[in-house]
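What the coordinates show
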Amino acid sequence: MPRPIRARIRLDAVRHNYRQAKALAPDARALAVVKANAYGHGAVAVARALADEADGFAVAYLEEGLELRESSIRAPILLLDGVFSPDEMRILDRAGLTPVIHSRLQLEWLLGARPERPLDCWLKMDSGMHRMGFAPGDFAAAYAQLAECRHVRSVVLMSHFARADEPDHDYTAQQMRVFAEATAALCAPRSLSNSAAVLAWPRAHGDWTRPGIMLYGASPFEGAHGSTASLRPAMTLESALISVRDLDPGEPVGYGGRFVCERPTRVGVAAVGYADGYPRHAPDGTPVAVRGRITRIVGRVSMDLVTLDLTGIEDAAIGAPVELWGGQISANAVAEASGTIAYQLFTNINRRVPLIYEDD
Ligand SMILES: *Cc1c(COP(=O)(O)O)cnc(C)c1O
C-alpha cells in the first residue's frame, strides 16, 4: 500500500462556488483566479472543470497562462503580473493571453509591440494598496495612450483592495472612491473585486469580478462571515493512522516534548507532515478528524508525521482515516490555529501529495 496521504479535489464543488460568485454579482462577468496551480488544486483540472461556464481565467504570469492554453482552454486568460520582459509580449500575443499593465515600463513594451493581432489588456491603478499600478493622477494619461494605440483592441480598468477582508473597515470604500474619481471620465469596463469584495462589497462588483479563494470553498475573512456559508470546500487533505500507542501521565510526545500527557493518553500517528504542506506551526489543540470524530494535534508537527490525541475514539486503529482539513475540519480553522491563512495551506501542498479528482 502506498503512503496514505492524498488531497481529494471535488471539481463539482469548484463549479458550485464559481456559480455562487456569479450569483452574488449577477451583472458582472467573473474571471476564475487559478494562479499558483489553482491555489494548489491543479490549474488544468480546475480550468477544465469550469471551461463550459467561466467567462475567463486569471493567473499570475506567462507560463501559468501557457499551461492553460496548451490544455485547450480557449477563454480569456489574464496575466495578473503582466509580462516581465518585451520578449514575453511576443509569446503572449501568439498565445492570445491578456496582460495587466501595472507600470510605465510595461506600458512602453505594449505600445512598442508589433503583435500579429490587436491585444486586449487590463490597466491597473494603485488606489491605495501601494504595491502595483499607476497612481490615480497618472491613470487617465496611461489610459489615453492605450486607447489611441492601433494594436490595442480593448482595455479594462482595474484595481485591487488591500483590506476587503475587513468588512467593517472603511479603507475599501476609500479605495473605491479614489478609483471612481480617477476613472470618472473614462469609458471602459471596470474590475475591482477579489473574493472578499464579491462576498462583502456589492458596490465594488463592477463589470468583471476576480474570485479566487472562494472558488476553493475557503473564506477570505478572519472569523465567521455569513456570506461564506454556501461555499463548499473543494479540497480534503486526508491520511490515515499508521501507529497507535498508549502513554502514561508525564510522558512527552514528539520533538522537543512540547506536549506532555496529563493523564493516560492514546496517541495516534498520521502519515502527513510539514513536507506535505501541513503547517509546522500547528499548535497543540489544532483540530483534526479521525474516523469522523473531531480531536486535536498533540506535539510538534514533524516532516512526514503528525501526532494526534485519540482519547475517546476507541475504534481508531491503524488504517483509520484522518482528515487534516476538508468537509469536517475547515481549512480556515487550521489556518487560524496555525497563525496563517487558508491560501497558504492550499498553495503549500507539496508535489508528494497526490491530487485525486472527483466530480458528480
Ligand atoms: C489573487 C488575486 C485575486 C483573487 O484573490 P482572492 O482573495 O483569492 O479572491 C484577485 N485579484 C488579484 C489582482 C489577485 O492577485
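Residues numbered from 1 in each chain as written. Predicted model: local features only at pLDDT ≥ 70, side-chain atom pairs only at ≥ 80, totals over all residues. Heavy atoms only, no water.

**A word on the sheet that holds strand 8 (residues 190-193)**
The criterion, for reference: Note on pairing: two strands pair once DSSP finds at least 2 bridges between them. A run of DSSP states H or I qualifies as a helix once it reaches four residues; a run of E qualifies as a strand once it reaches two. Both are numbered from the N-terminal end. Note on contacts: a residue pair is in contact if any heavy atoms of the two residues lie within 4.5 Å. Between N-to-C directions, angles span 0 to 180 degrees; the directions come from axes that are lines fitted to C-alpha atoms, helices contributing only their stretch in contact.
Around the barrel, which closes on itself, the eight strands sit in the order 2-3-4-5-6-7-8-9 with parallel pairing between neighbours. Pairing between strand 7 (residues 152-159) and strand 8: two bridges, direction parallel. The residue bridging Met 158 from the neighbouring strand is Ser 191, located in strand 8. Packed on one face of the sheet, helix 6 (residues 104-111) meets strand 5 (98-101), strand 6 (119-125) and strand 7 and runs near 140° to strand 5.

**Describing the UniProt feature "modified residue: N6-(pyridoxal phosphate)lysine" (unreviewed entry) in the protein**
We count it as follows: UniProt positions are given in the numbering used here, feature names are shortened, and annotations may be inferred rather than shown by experiment. Accessibility here uses a 1.4 Å probe with only protein chains present; expressed as a share of the type maximum, an area under 20% marks a residue as buried, one over 50% as exposed, and anything in between as partly exposed.
Under the present numbering, the feature "modified residue: N6-(pyridoxal phosphate)lysine" (unreviewed entry) in UniProt falls on Lys 35. Following the sequence through the fold, Lys 35 ends up in helix 2 (residues 35-39). Of the residues examined, Lys 35 reaches a relative accessible area of 31% and is grouped as partly exposed. Residue contacts for Lys 35: discarding those within four places in its chain leaves Ala 58, Val 59, Ala 60, Glu 64 and Leu 80.

**Digging into the nonpolar core**
The condition is simple: Nonpolar core, defined: a set of buried Ala, Val, Leu, Ile, Met, Phe, Trp, Tyr and Cys residues in which side-chain atoms within 4.5 Å join the residues together. All domain edges in this entry derive from an automatic or database-based domain assignment.
Judged by nonpolar contacts, the single largest core of 116 residues is most densely connected at Phe 57, Leu 68, Tyr 278, Trp 325 and Phe 346. Broken down by element, this core gets its largest block of residues, seven residues, from helix 3 (residues 43-50). Domain assignment of the residues forming this core places at least three in each of domain 1 (11-218) and domain 2 (235-358). Setting aside chain neighbours within four positions, we find Phe 346 in contact with Tyr 39, Gly 40, His 41, Ile 213, Tyr 216, Ala 218, Met 235, Trp 325 and Ala 331.

**As for helix 6**
Convention followed: Directions are taken from the helix axis to each C-beta atom, and the arc is the one they span.
All of the buried residues in helix 6 are Gln 106, Leu 107, Trp 109 and Leu 110. Angularly, the buried residues of helix 6 cover 160° about the axis, an arc narrow enough to put them on a single face.

**A word on the side chain of His 151**
The condition that has to hold: Between N or O atoms, a polar contact is any pair within 3.5 Å; within protein, one atom must be a potential hydrogen donor and the other a potential acceptor, and residues adjacent in sequence are included only when both atoms are from side chains.
Within the secondary structure, His 151 sits in the loop between helix 7 (136-148) and strand 7. By relative accessible area, His 151 is classed as buried at 13%. Side-chain polar atoms of His 151 contact the backbone oxygen of Ala 113, separated by 3.4 Å. Filtering out sequence-adjacent residues up to four positions away, His 151 remains in contact with Leu 110, Leu 111, Ala 113, Arg 114, Pro 115, Pro 118 and Leu 119.

**With respect to the site of the ligand**
To be explicit about the condition: Each residue is tested against the molecule or strand, and it is near if at least one of its non-hydrogen atoms lies within 4 Å. Amino acids outside the nonpolar list (Ala, Val, Leu, Ile, Met, Phe, Trp, Tyr, Cys, Pro) and the charged list (Asp, Glu, Lys, Arg) are all regarded as polar, and Gly is one of them.
Near the ligand, the surroundings consist of Val 33, Lys 35, Tyr 39, Leu 80, His 160, Asn 194, Ser 195, Arg 210, Pro 211, Gly 212, Ile 213 and Tyr 343. One of the side-chain N or O atoms of Ser 195 is found 2.5 Å from an oxygen atom in the ligand. Broken down by class, the residue content of the shell around the ligand amounts to six nonpolar, four polar and two charged.

**Topic: unusual backbone geometry**
For Ala 38, which is not glycine, the phi torsion reads 55° and is therefore positive. Within the element layout of this structure, Ala 38 appears in helix 2. When its relative accessible area of 0% is taken as the criterion, Ala 38 is described as buried. A positive phi angle is found at His 130, which is not glycine, with a value near 60°. Structurally, His 130 can be placed in the loop between strand 6 and helix 7.

**Quick notes on the domain arrangement of the protein**
As a reminder of what qualifies: The term buried area refers to how much accessible surface (probe radius 1.4 Å) is lost by two components on association, counted for both of them together.
Taken domain by domain, the protein consists of domain 1 (11-218) and domain 2 (235-358). Using C-alpha coordinates to define each centre, domain 1 is positioned 37 Å away from domain 2. With eleven residues of domain 1 at the interface, the matching set in domain 2 holds nine residues. The largest share of the area that domain 1 buries against domain 2 comes from Tyr 39, His 41 and Ile 213, three residues that together contribute 45% of it. Inspection of the domain 1/domain 2 interface yields two residue pairs in polar contact (both at pLDDT 80 or more).

**Thoughts on the UniProt feature "binding site: substrate" (unreviewed entry) in the protein**
Taken from the UniProt record, the annotation "binding site: substrate" (unreviewed entry) applies to Arg 131 and Met 303. Across 173 residues of sequence, these annotated residues are also dispersed in space, with a maximum C-alpha separation of 34.3 Å. Positionally, Arg 131 belongs in the loop between strand 6 and helix 7. Apart from residues lying up to four places away in sequence, Arg 131 is in contact with Lys 124, Asp 126 and His 160. Summarising the element assignment, Met 303 is placed in the loop between strand 15 (293-296) and strand 16 (306-309). Classification of Met 303 by relative accessible area gives partly exposed; the value is 43%. In this structure, Met 303 is in contact with Gly 273, Tyr 274, Ala 275, Asp 276 and Arg 352, ignoring residues within four places of it in sequence.

**Notes on the packing of aromatic side chains**
Threshold: Aromatic pairing here means that ring centres of Phe, Tyr or Trp (its six-membered ring) are within 6.5 Å. Orientation follows from the plane angle: under 30 degrees is stacked, over 60 is edge-to-face, and everything else is tilted.
Applying the stated criterion across every chain, the model contains five aromatic pairs. Relative to Tyr 343, the ring of Tyr 39 lies with its centre 6.0 Å away and its plane at 35°, an arrangement referred to as tilted. Of the two residues, Tyr 39 is situated in helix 2 and Tyr 343 in helix 11 (residues 342-347); the sequence distance between them amounts to 304 residues. Both rings, one in Tyr 278 and one in Trp 325, keep their centres 6.1 Å apart while their planes meet at 15°; by these two values the pair is stacked.

**Observations concerning the pairing of strand 2 (residues 29-33)**
Across the five residues of strand 2, four count as buried, placing the element largely inside the fold. Taken together, the three bridges between strand 2 and strand 3 (residues 56-59) define a ladder with parallel strand orientation. For Val 33, the partnering residue across the bridge sits in strand 3 and is Ala 58.

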